[in-house]
Amino acid sequence: DAVVVFTKSEQSTVPNENVYVSFSNYRDFDEFDIQTDFHEREIDIGFLGRFHETKGITALVKACQNLTSRFPKLRVRLLGNGPQYKKIEELVGQSSQIELAGWVERENIPSELNNIRTLIVPSEAEGLPTTVLEAMGCGVVVVASPVGSIPDLIDDEKNGFLLENNSKTSIEQTMQDICQMNNIEEIASNGRESVKNRYSLSAAQRNFEMISHNIVN
């Protein structure tokens, strides 16, 4: 007998010696590709998702308020909508460095991501968000909470960054460290290679062929 699971973290929970991992969130990395050079991007910190407390949006904005006061040229762009939009709008106020951009249509996501250097995903709970895969495909450095299957993909400080938790303090400290790093573009490049190698259609085909061969034999 053999068992197929969708994440590495699930592999250890199955009481079977023949457990294979078949990643399920495959993306088109010709669509989610690097269109803009990393240093030509205008936005230093981005958020793309639902404005809900479980997504850590309030803590993110409060961290960004402190960061923008420390780094006068830092630019933040918040993309999305949700039940906390009005609250976030009030929190942002008249800030010239933090922009509320509203909902983004699907076809515009690649171009939006290509204008961002780092994407923050400070969620309380996740599986493996497609936003993370798409951002990494576009050469964005992803900074995310260590929840769900995210740690299966992100190797901290190698192809992205894992927050200690999704608190304002953790977000602020991590981003402050990133702002002073010299190899951030290399990390972005490593992130793109990671998702291309594991979550492209060709990677899916190779993986399924390998699993089928091993099961049959």
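Residues numbered from 1 in each chain as written. Predicted model: local features only at pLDDT ≥ 70, side-chain atom pairs only at ≥ 80, totals over all residues. Heavy atoms only, no water.

Take helix H3 (residues 85-92) next. Those residues of H3 that sit buried are Tyr85, Ile88 and Val92. Taken down its axis, H3 places every buried residue within 65° of arc, on the same side. Of the exposed residues in H3, the ones pointing more than 90 degrees away from its buried face are Lys86 and Glu90. Tucked into the core, H3 has its buried residues touching helix H2 (57-70), strand S4 (76-81) and strand S5 (98-102). Glycine 93 lies just past H3 and shows a positive phi near 60°. (Buried < 20%, exposed > 50% of the residue type's maximum accessible area, 1.4 Å probe, protein only. Helix = DSSP H or I, 4+ residues; strand = E, 2+ residues; numbered from the N terminus. Arc of directions from axis to C-beta. Contact = heavy atoms within 4.5 Å.)

For glutamate 157, which is not a glycine, the phi torsion comes out positive at approximately 70°. Within the secondary structure, glutamate 157 sits in the loop between helix H6 (150-153) and strand S8 (161-162).

As a further point, take a negative patch on the surface. A grouping of Asp155, Asp156, Glu157 and Asp177 is seen on the molecular surface, where their side chains present a negatively charged patch. Mapped onto the elements of the fold, aspartate 177 is located in helix H7 (residues 168-179). On the accessibility criterion, aspartate 177 (40% relative accessible area) is partly exposed. (Patch = residues over 30% accessible without salt bridge, like charges linked within 9 Å, V, L, I, M, F, W, Y side chains within 5 Å. Areas by Shrake-Rupley, 256 points an atom, 1.4 Å probe, with all protein chains shown as cover. Salt bridge = Lys/Arg side-chain N within 4 Å of Asp/Glu carboxyl O. Lys, Arg positive; Asp, Glu negative; His and termini not counted. Charge placed at Lys NZ, Arg CZ, Asp CG, Glu CD.)

Strand pairing within a sheet occurs via backbone hydrogen bonds; the two strands may be parallel or antiparallel. Spatially, S5-S4-S3-S6-S7-S8 is the arrangement adopted by the 6 strands of the open sheet, whose pairing is parallel. A single partner strand is all that each edge strand has here, and the edge strands are S5 and S8. Where strand S3 (residues 43-50) meets S4, 6 bridges bridge the pair, whose relative direction is parallel. Residue pairing for S4: isoleucine 45 is matched across the bridge by valine 76. (Pairing = 2+ DSSP bridges.)

Before going further, it helps to spend a moment on the nonpolar core. Judged by nonpolar contacts, the single largest core of 29 residues is most densely connected at Ile45, Ile57, Leu60, Leu78, Ile171 and Met175. For this core, the secondary structure elements donating two or more residues are S3, H2, S4, H3, strand S7 (141-144), H7 and helix H8 (184-199). The biggest single contributor to this core is H2, with 7 residues. Those residues in contact with leucine 78 that lie beyond four places of it in its chain are Phe47, Phe51, Ile57, Leu60, Val61, Ile88, Val92, Ile98, Glu99, Leu100, Ala101 and Gly102. Ranked by size, the runner-up nonpolar core spans 26 residues in total, among them Ile116, Cys138, Ile154 and Tyr199. (Core = buried A, V, L, I, M, F, W, Y, C linked by side-chain atoms within 4.5 Å.)

All right, on to the packing of aromatic side chains then. Ring pairs (aromatic) are described by centroid distance and by the angle formed between their planes. Per the counting criterion, the structure on display carries 2 aromatic pairs. Between phenylalanine 47 and phenylalanine 51, the ring centres sit 5.8 Å apart and the planes meet at 70°, which makes this aromatic pair edge-to-face. An angle of 25° between the planes, with centres 5.4 Å apart, marks the rings of phenylalanine 51 and tyrosine 85 as stacked. In this pair, phenylalanine 51 sits in the loop between S3 and H2 while tyrosine 85 sits in helix H3, placing the two residues 34 residues apart along the sequence. The buried category is assigned to phenylalanine 51, whose relative accessible area is 0%. The class for tyrosine 85 is buried, based on a relative accessible area of 18%. Through successive ring pairs, a cluster of aromatic residues spans Phe47, Phe51 and Tyr85. (Phe/Tyr/Trp six-rings, centres within 6.5 Å; stacked < 30°, edge-to-face > 60°.)

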